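Residues per chain are reported as follows:
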Amino acid sequence: MPALASHRKPRTRMRTTTPAVGLTTAALASVTLLSTQSATAAPAAPKPSIEEVQKKVDNLYRQAGTATQQYNMAKTASTQQRSKVDALLEAAAKRADKLNETRRELGNYAAAQYRSGAIAPTATFFLADDPQSYFDQDQLMARMTSQQQKAVADFRTQQSEAATKRVEATKSLQTLTESQTTLRTSKQQVQSKLAEARTLLSELTAEEKARLAELERKKEAEAERKAEELARQQAAAAKAEADRAAEEEASQGEADTGTGTGSDSSYASKADKVLAFARDQIGKPYVWGATGPSSYDCSGLTQAAWKAAGVDLPRTTWDQVEVGTRVATADLKPGDLVFFYDDISHVGIYKGDGMMIHAPKPGANVREESIYYMPIYGSVRPA
């Protein structure tokens, strides 16, 4: 008898290890991915050295100085443009008054013609859609008296002049708006650069600040050494020139005891006044955009000092460097202006012996300092 087939449900084999393996693999993959990301992530930037901080802070102050000159230029332009706009608006108002006066005069003519029962050409003129074409009609002009014709001609002239003034005033207002926008932008740039410099300095430890101060002292000492060398060179050159002049006078048998030309004497007199004024400002704070009397920026000080000697200088370093005569560093005389950096963003007043008086930077006061403290761009003799 054949065996009967079993109707028992076959046992299902449970695979309990596979999900665990899959979970473990996913976890390992996640850990590996995180490890890889951590390994490939950019490392934190190293803290800059004191030398790098000094260089960056100096550069920020220089950029702030450049932005200050842009601010000064925009402020000068804005002030000048405001005066121009005010003058144009006043002129336009006067033209409008004259135009209205002539209009009233023409109205009187029209009223007189109306009372006389005549058709008033002047009234027709006012009602015409195109007054200009109406003026072109010879018949109208022939019917007017010479006085009326003059009144109409005056009206046409004044109407044209008033329109011209309105256009000029509108354009000037647009230019003024642009100048004021530049002014605001420059101000924001100055404030941004100074804030960044202050932040850098505030993050230094006491030890780092001491090291930074030491670097500044070394920089000043090197600048003073170069100033002393220039002073020796200038003294030697002056002595050689005096000896040459004495020999020339002796050989010619002249008794002239003059020490210089009238031009040299005049400049020296002005320079004395410039330096006297500048010395009186020593100790006053640098404030960007300031022109005195309680604070100054660099070009504000030079402008005020030379004004004390009766010479008007423009407001910015970029304009001041174009005034007067260029002179070499070796030929500097007291009162000359010395400009710094490739962008001509700083200026000081030469006082002799390689030294100058200047308004240095925010946080500092007007002081004497070597002209070699900053890279020299060039020098001028303003008068």
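Note that the structure is predicted; figures quoted are calculated from it, not measured.

### Regarding the overall build of the protein
- Helix and strand counts for the protein stand at 10 helices and 6 strands.
- Residue burial in the protein is summarised as follows: out of 383 residues, 33% are buried.
- Put simply, of all contacts in the protein between residues at least 6 apart along the chain, 66% involve residues at least 24 apart.
- Within the structure as shown, the protein displays about 23600 Å² of accessible surface, and the carbon and sulfur contribution to it stands at 54%.

### Considering the sheet that holds strand β2 (residues 337-340)
- If you walk across this open sheet you meet the 6 strands as β1-β6-β2-β3-β4-β5, and the pairing is antiparallel. For this open sheet the edge positions go to β1 (325-327) and β5 (367-370), each flanked by a neighbour on one side alone. Direction aside, the axes of adjacent strands within the sheet are offset by 40° on average.
- Two elements, β2 and strand β6 (residues 376-381), share 4 bridges in a ladder whose sense is antiparallel. Considered in β6, the bridge of L337 is made with V380.
- Seen against the sheet, helix α7 (residues 206-252) touches β3 (346-352), β4 (355-358) and β5 and runs at an angle of roughly 80° to β5.
- The sheet strands contacting helix α9 (residues 298-307) are β2, β3 and β4, and the helix crosses β3 at an angle near 45°.

### Details of α9
- The element α9 is largely enclosed, with a buried count of 9 among its 10 residues.
- Residues of α9 that are buried: C298, S299, G300, L301, T302, Q303, A304, A305 and W306.

### What to know about the confidence of the model for the protein
- When pLDDT is averaged along the protein, the result is 80; 74% of the residues meet or exceed 70.
- Throughout residues 1-39 the model reports pLDDT below 50, and contacts reaching past four residues in sequence, or to other chains, amount to 0 contacts.

### Quick notes on the nonpolar core
- By size, the foremost hydrophobic cluster in this structure holds 42 residues, and its most contacted members are L194, V274, W288, W306, L337, F339 and I349.
- Among the secondary structure elements, those contributing two or more residues to this core are α2 (50-115), α6 (146-202), α8 (262-281), α9, β2 and β3.
- By residue number, the principal contributor to this core is α2, which donates 9 residues.
- Not counting residues within four places of it along the chain, the set of residues in contact with L194 comprises Y61, A64, W288 and P362.
- One finds V338, F340, Y341 and Y373 within the second-largest nonpolar core, a separate group that totals 12 residues.

### Thoughts on the pattern of salt bridges
- As enumerated under the stated definition, the model contains 14 salt bridges in all.
- Ionic pairing is found between D343 and R62, a salt bridge with its closest N-O pair at 2.8 Å. Placement of D343 in the loop between β2 and β3 and of R62 in helix α2 is noted, with a sequence separation of 281 residues between them.
- Under the relative-accessibility criterion, D343 is labelled partly exposed at 22%.
- The salt bridge involving R244 is made with E241; its shortest N-O contact spans 2.7 Å. You can see R244 and its partner E241 sitting in helix α7, 3 residues apart, about one turn around the helix.
- On the basis of relative accessible area, R244 is assigned to the partly exposed category, the value being 41%.
- Residue classification places E241 among the partly exposed residues on the basis of a relative accessible area of 42%.

### A word on the packing of aromatic side chains
- Tallied over the entire structure, the rule returns 2 aromatic pairs.
- Seen from their ring centres, Y71 and W288 are 4.9 Å apart, and the 80° between their planes marks the pair as edge-to-face. Of this pair, Y71 sits in helix α2 while W288 sits in the loop between α8 and α9, placing them 217 residues apart in sequence.
- Taking the ring centre of Y267 as reference, the NZ or CZ of R381 above it sits at 5.6 Å.

### Focus: α7
- In a regular helix each residue adds 1.5 Å, so 47 residues correspond to 69 Å; α7 covers 69 Å between its end C-alpha atoms and thus fits that length.
- Along α7, the residues classified as buried are E208, L212, E216, A223, A227, L230, A231 and Q234.

### Let's talk about the pairing of β4
- What you see with β4 is no split at all: M355 and I357 on one side and M356 and H358 on the other are buried throughout.
- Sheet topology note: the β3/β4 ladder contains 3 bridges and is antiparallel. Counterpart to G352 in the pairing with β4 is M355.
- The antiparallel hairpin formed by β3 and β4 contains 2 residues in its connecting segment, where D353 sits at a positive phi of about 60°.

### Some details on the environment of V190
- Looking at where V190 falls in the secondary structure, it is placed in helix α6.
- When the C-alpha atoms of V190 and A67 are compared, they prove to be 5.5 Å apart, with 123 residues separating the residues in sequence.
- Those residues within four positions of V190 in sequence are excluded, and the remaining contacts are A64, A67, T68 and W288.

### Let's talk about the environment of K56
- With respect to the helices, strands and loops of the structure, K56 is situated in helix α2.
- Sequence separation between K56 and A197 is 141 residues; the distance between their C-alpha atoms is 8.0 Å.
- If we ignore the near neighbours within four places in the chain, the residues touching K56 are E196 and L200.

Definitions and limits used
Residues numbered from 1 in each chain as written. Predicted model: local features only at pLDDT ≥ 70, side-chain atom pairs only at ≥ 80, totals over all residues. Heavy atoms only, no water. Helix = DSSP H or I, 4+ residues; strand = E, 2+ residues; numbered from the N terminus. Buried < 20%, exposed > 50% of the residue type's maximum accessible area, 1.4 Å probe, protein only. Contact = heavy atoms within 4.5 Å. Areas by Shrake-Rupley, 256 points an atom, 1.4 Å probe, with all protein chains shown as cover. Pairing = 2+ DSSP bridges. Axes fitted to C-alpha atoms, helices over the stretch in contact; angles between N-to-C directions. pLDDT = per-residue confidence, 0-100. Core = buried A, V, L, I, M, F, W, Y, C linked by side-chain atoms within 4.5 Å. Salt bridge = Lys/Arg side-chain N within 4 Å of Asp/Glu carboxyl O. Phe/Tyr/Trp six-rings, centres within 6.5 Å; stacked < 30°, edge-to-face > 60°. Lys NZ or Arg CZ within 6 Å of the ring centre and 35° of its normal. Expected span 1.5 Å × (residues − 1).

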